[in-house]
Amino acid sequence: NELEECKILLNNIYNNKGIQDKKYKYKSRTNRYCRELLGKIALMQNEPEDVVLGYYREAKTFALNSKEQKEIDFEIINYMIMSERFDESRQMLARILKDEDTSSSVYHLGYYYSFLSATMQNDAAADSLLGELMISLPGSPLTNDALFLNFLASEQEDEIKESFLQ
């Protein structure tokens, strides 16, 4: 299995003490990306939440700046939304965006995760959030994903839509 092979390679990097040395910690993104990828693999393999979130939280410690830390926070928020932990994801999103400049790319990413949460909860606010997303991130793959998700969800009967969004 290719996923297992990737996991073995990533674990070799993860356990490499030389690459974790303080003098390399902020010169390379290897540690961050390694942990993020291990988190994604753990998610694909349905590993327990503490394993998935543990990798993401470790990745944050290797982020080069606060923007990178927020990018990882968005991955955690996405995980929470998909785990139907909407209140926690909303609170975390509010903390991230609290002091963020409204014109920043990080702030605009908030529209996507707000849209995603609203859509997963079948909340009418999803439509206006989709509009904000299209204005804020017109060429983003996330906007494309949101439009596609909105299309799929809106074309389903209520019973099927509820099942689809779970």
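**Q** Hey, could you run me through the overall build of the chain in this one?
**A** Check the secondary structure of the chain and you find ten helices and zero strands. In the chain, the order of α-helices and β-strands from amino to carboxyl end is α-α-α-α-α-α-α-α-α-α. A burial count over the chain gives 39% of its 166 residues as buried. Long-range contacts, defined as pairs at least 24 residues apart, comprise 49% of the intrachain contacts of the chain with a sequence gap of at least 6.

**Q** So what exactly am I meant to see when it comes to the packing of helix α3 (residues 30–44) against helix α5 (residues 66–82) here?
**A** Two measures define how a pair of helices packs: the angle their axes make with one another and the distance between the axes. Contact geometry for α3 and α5: axes closest at 12 Å, N-to-C directions at 5 degrees. In terms of axis orientation, α3 runs roughly parallel to α5. Facing α3, whose interface residues are R32, E36, K40 and L43, α5 presents E68, E71, I72, E75 and Y79.

**Q** For this particular structure, what's the right way to read the packing of helix α1 (residues 2–14) against α3?
**A** Interaxial distance between α1 and α3 falls to 10 Å at its minimum, and their mutual angle equals 145 degrees. Where α1 crosses over α3, the two elements pack in a sense that is left-handed. Seen from α1, the contacting residues are L3, C6, K7, L10, N11, I13 and Y14; seen from α3, they are T30, C34, R35, L37, L38, I41 and M44. Residue composition of the contact of α1 with α3, by class: ten nonpolar, two polar and two charged.

**Q** In this structure, what is going on with the nonpolar core? I would like to understand it.
**A** Generally speaking, soluble globular proteins have nonpolar side chains that are buried together. Core analysis: the largest hydrophobic core is formed by 39 residues, its most contacted members being I77 and Y113. Of all elements in the fold, only α1, α3, α4 (49–61), α5, α6 (86–97), α7 (105–120), α8 (125–136) and α9 (141–154) reach the threshold of two or more residues within this core. If you tally residues by element for this core, the top one is α7, at eight residues.

**Q** Hey, could you run me through the layout of surface pockets in this one?
**A** Empty space left among the atoms is revealed by rolling a probe the size of a water molecule over them. In this structure, the largest pocket encloses a volume near 260 Å³. Along the walls of the largest pocket sit K40, L43, Y56, E71, F74, E75, N78, Y79, L109, Y113 and L142, which together make up its complete lining. Elements supplying a minimum of two residues to the lining of the largest pocket: α3, α5 and α7. It is α5 that provides the largest number of residues to the lining of the largest pocket, a total of five residues.

**Q** In this structure, what is going on with the side chain of H108? I would like to understand it.
**A** Its place among the elements puts H108 in helix α7. Residues in contact with H108, not counting those within four places in the same chain, are T102, S103, L133, S136 and L137.

**Q** What exactly am I supposed to notice about α7 here?
**A** Between its first and last C-alpha atoms α7 spans 23 Å; for 16 residues at 1.5 Å apiece the expected length is 22 Å, and the two agree. Most of α7 sits inside the fold, with twelve of its 16 residues counted as buried. Of the residues making up α7, those classed as buried are V106, H108, G110, Y111, Y112, Y113, F115, L116, S117, A118, T119 and M120. Structurally, α7 contributes buried residues whose contacts are with α5, α6, α8 and α9. N122 lies just past α7 and shows a positive phi near 60 degrees.

**Q** Looking at this model, I keep getting lost on the packing of aromatic side chains. Mind explaining?
**A** In this description, a pair of aromatic rings is defined by centroid distance and the angle of the planes. Applying the stated criterion to the full structure yields four aromatic pairs. Ring plane angle 85 degrees and centroid distance 5.9 Å describe the contact between Y14 and Y55, whose orientation is recorded as edge-to-face. Here Y14 is found in helix α1, whereas its partner Y55 is found in helix α4, with 41 residues between them in sequence. Overall, Y14 belongs to the buried group, its relative accessible area being 18%. With a relative accessible area of 15%, Y55 lands in the buried category. Ring plane angle 10 degrees and centroid distance 5.0 Å describe the contact between F74 and Y113, whose orientation is recorded as stacked. Note that F74 is positioned in helix α5 and Y113 in helix α7, a separation of 39 residues in sequence. For the pair formed by F74 and Y113, the shared burial category is buried. Feature note: the residues F74, Y112 and Y113 constitute an aromatic cluster, connected by ring pairs.

How each quantity is defined
- Residues numbered from 1 in each chain as written.
- Predicted model: local features only at pLDDT ≥ 70, side-chain atom pairs only at ≥ 80, totals over all residues.
- Heavy atoms only, no water.
- Helix = DSSP H or I, 4+ residues; strand = E, 2+ residues; numbered from the N terminus.
- Buried < 20%, exposed > 50% of the residue type's maximum accessible area, 1.4 Å probe, protein only.
- Contact = heavy atoms within 4.5 Å.
- Axes fitted to C-alpha atoms, helices over the stretch in contact; angles between N-to-C directions.
- Parallel < 35°, antiparallel > 145°, perpendicular 65-115°, else oblique.
- Left-handed = near helix turned anticlockwise from the far one by under 90°.
- Nonpolar A, V, L, I, M, F, W, Y, C, P; charged D, E, K, R; others polar.
- Core = buried A, V, L, I, M, F, W, Y, C linked by side-chain atoms within 4.5 Å.
- 1 Å grid on protein atoms, 1.4 Å probe; cavity = no way out; pocket = protein on both sides within 12 Å on 5 of 7 lines; lining within 4 Å.
- Points joined across faces, edges and corners; volume = space filled by probe spheres on them.
- Expected span 1.5 Å × (residues − 1).
- Phe/Tyr/Trp six-rings, centres within 6.5 Å; stacked < 30°, edge-to-face > 60°.

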